[in-house]
Amino acid sequence: MRKVNLVFGTVYGNAQFVAQTVQEQLVATGREANLMTPETLSGFVPPEDELLLIVTSTTGQGDIPDDLNLWFETLRGDAPYLPKLEYGVIALGDSSYETFCNAGVRFDELFTELGATRIGELLKIDACETMEPEVDAKEWLSEWTKLIASNPID
């Protein structure tokens, strides 16, 4: 089974908690899951023989959290073409804002531009509808792991 690299960006800690919950669930199913803190992302280019899962909140006017923005900008400017990379995105946001889950959307667009393939749907978790985003993430992850398990590479 391919390893999952979990990357998160957070302002108040919700995205980090969701990422930690997702990591625990992946490990419980026997999959290696590497939770990468924003401080460890300098120079990190996702290996194409592993999976990438991004968990991010949206801040300000649809911005990527500061702790993850440098990595985003570095990838946008310097990343190689990644046609074999498969990834997923869990975006946290507030639907009362016009830029609902925009940070996750921006990551999805970036990795699409880099040639990567998103597995499953981009999960948008609305703070107006749920007080426990990790519950929605775990439900989505159950489907995501079925999709990656059905991939012949895995």
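From a predicted model like this one, the values you see are computed outputs, not experimental measurements. (Residues numbered from 1 in each chain as written. Predicted model: local features only at pLDDT ≥ 70, side-chain atom pairs only at ≥ 80, totals over all residues. Heavy atoms only, no water.)

Asker: How do you make sense of the overall build of the protein when you look at a structure like this?
Answerer: Each helix and strand in the protein was counted, giving 4 helices and 6 strands. Against the 2.2 N^0.38 benchmark of 15 Å for 154 residues, the protein shows a C-alpha radius of gyration of 14 Å, consistent with a compact globule. Principal-axis analysis of the C-alpha atoms places the extent of the protein at approximately 40 × 35 × 25 Å. When burial is assessed residue by residue, the protein has 47% of its 154 residues classed as buried. A separation of at least 24 residues holds for 82% of the contacts in the protein among residues at least 6 apart in sequence. As presented, the protein carries roughly 7700 Å² of accessible surface, and 48% of it is formed by carbon and sulfur atoms. Mean positive and mean negative side-chain charge positions of the protein (10 and 26 charges, respectively) differ by 7 Å. (Helix = DSSP H or I, 4+ residues; strand = E, 2+ residues; numbered from the N terminus. Rg over C-alpha atoms; globule rule 2.2 N^0.38 Å. Buried < 20%, exposed > 50% of the residue type's maximum accessible area, 1.4 Å probe, protein only. Contact = heavy atoms within 4.5 Å. Areas by Shrake-Rupley, 256 points an atom, 1.4 Å probe, with all protein chains shown as cover. Lys, Arg positive; Asp, Glu negative; His and termini not counted. Charge placed at Lys NZ, Arg CZ, Asp CG, Glu CD.)

Asker: Explain helix α3 (residues 102-113) to me, please; I cannot follow it from the model alone.
Answerer: Every α-helical turn comprises 3.6 residues, leaving residues that sit three or four positions apart pointing alike. Taking 1.5 Å as the rise per residue, α3 with 12 residues should run 16 Å; its terminal C-alpha atoms sit 16 Å apart, in good agreement. Listing the buried residues of α3 in full gives A103, G104, F107, D108, L110 and F111. Looking straight down α3, one finds its buried side chains confined to an arc of 165°; they lie on one side. Contacts made by the buried residues of α3 are with β3 (51-57), α2 (66-78), β4 (86-93) and β5 (117-118). Count one or two residues on from α3 and you reach G115, which has phi positive near 90°. (Expected span 1.5 Å × (residues − 1). Arc of directions from axis to C-beta.)

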